[in-house]
Each structure stands twice: as C-alpha cells, then as structure tokens.
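# Structural description and commentary
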Amino acid sequence: MLKITSKEFNVTDAIRNRIESRLEKLNRHDVDMINPHIIIITDGPMFKVESSIKVNNGQLFAQAKHQNLYTAINAMGQKLEKQLNRLTHKPAKRTPVAVVAPPEDYSEEYAA
C-alpha cells in the first residue's frame, strides 16, 4: 500500500495519480515493493519529494527538489529507476578460480 504524506497541504487526486503512475514504471523490474512511503515538503518556493521503498534486496531512497511539484516527482522517479536498475542487474559476486598446475613428478599411475 502506497503511503503519501504532506504536512503543508492536502494531497490531491492528481498528485496521487502522478506518483502512482511514476511508481508503476518500477514494476518493469519485477521487484516487490514493500511499504513505499512518499513525503512531500514545501521548502520556500521549492517542493521537496522524498521516497523510501523497501525491496527484497535492500532499500531504495531518493529525493528531488524543484519549483514545480510534478517535475520533482518525475526526478524522484528517475532516481528510483536508476537505483532499482543497478540493484536488479548487479552481477553476482565472482570469486576468481585459481588454476593449479599438476606437479612435475606427477604421473598417471598415481591418479585415482
């Protein structure tokens, strides 16, 4: 369930729809989003949008500031997409395999 909070003003349906549509783009990565929380703060003439989303592999956090609220929401969504893309396509840790040559006095008769 998406949670959107703001202390300074009421979150309208248009704002909620914009945030939901932006977060729907994250569903392309087939990752379960656990407790997504969006906070909208007014900082003078600027809007600051912060998001915190837990996923199976970790946690995503992004914030964006802009004079236009919808532009700040889009910027925050782009940052989340980058983080999620990096998290899902992160290659598994590979440990180098050491190749050991047999000793010089090795013969086939001692082989098991």
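Now for a quick tour of the structure.

Rules and cut-offs
Going along each chain's sequence as written, the residues are numbered from 1 onward. Reporting in this predicted model follows two pLDDT cut-offs: at least 70 for local features of residues, and 80 or more for side-chain atom pairs to be given and counted; totals over whole chains, interfaces and linings ignore these cut-offs and use all residues. Excluded from the side-chain calculations are hydrogens and water; all other atoms, namely the structure's heavy atoms, are used. All axes here are fitted lines through C-alpha atoms, helices being fitted over the stretch that makes contact, and every angle between N-to-C directions spans 0 to 180 degrees. Helix and strand assignments come from DSSP, with helices taken as H or I runs of at least 4 residues and strands as E runs of at least 2, each series counted from the N terminus. Each angle is binned into one of four classes, with values under 35 degrees roughly parallel, values over 145 roughly antiparallel, values of 65 to 115 roughly perpendicular, and all other values oblique. With the far helix as reference, a near helix turned anticlockwise by less than a right angle produces a left-handed crossing, and one turned clockwise produces a right-handed crossing. The contact criterion used throughout is that any non-hydrogen atoms of two residues lie within 4.5 Å. Classes in brief: Ala, Val, Leu, Ile, Met, Phe, Trp, Tyr, Cys and Pro nonpolar; Asp, Glu, Lys and Arg charged; the others, Gly included, polar. We call two strands paired when DSSP finds no fewer than two bridges between them. Only centres within 6.5 Å qualify two rings of Phe, Tyr or Trp (six-membered ring in Trp) as a pair; their planes then separate them into stacked at under 30 degrees, edge-to-face at over 60, and tilted for everything else.

## With respect to the packing of helix α1 (residues 13-24) against helix α2 (residues 69-88)
Where α1 contacts α2, the two axes come as close as 9 Å, and the packing angle between them is 20°. Of the possible angle classes, the one that applies to α1 and α2 is roughly parallel. Both α1 and α2 take part in a crossing whose hand is right-handed. Taking contact as the criterion, the partners of Ala14, Ile15, Arg18, Ile19, Arg22 and Leu23 in α1 are, on α2, Leu69, Tyr70, Ile73, Asn74, Gly77, Gln78, Leu80 and Glu81. Of the residues contributing to the contact of α1 with α2, the split by class is eight nonpolar, three polar and three charged.

## Examining the pairing of strand β2 (residues 34-43)
Pairing of strand β1 (residues 3-6) with β2 involves four bridges; the strand directions are parallel. Of the residues in β2, the one forming a bridge with Ile4 is Ile38. Pairing analysis gives eight bridges linking β2 to strand β3 (residues 46-55), with the strands arranged antiparallel. Bridge pairing in β3 links Ile39 to Glu50. The antiparallel pairing of β2 with β3 creates a hairpin that spans two residues between the two strands, and Gly44 there sits at a positive phi of about 70°.

## Describing the packing of aromatic side chains
Evaluation of the coordinates by the stated rule reveals one aromatic pair. Taken together, a centroid distance of 6.1 Å and an interplanar angle of 85° make the contact between Phe9 and Phe47 edge-to-face. One end of the pair, Phe9, is in the loop between β1 and α1; the other, Phe47, is in strand β3, and 38 residues separate them in sequence.

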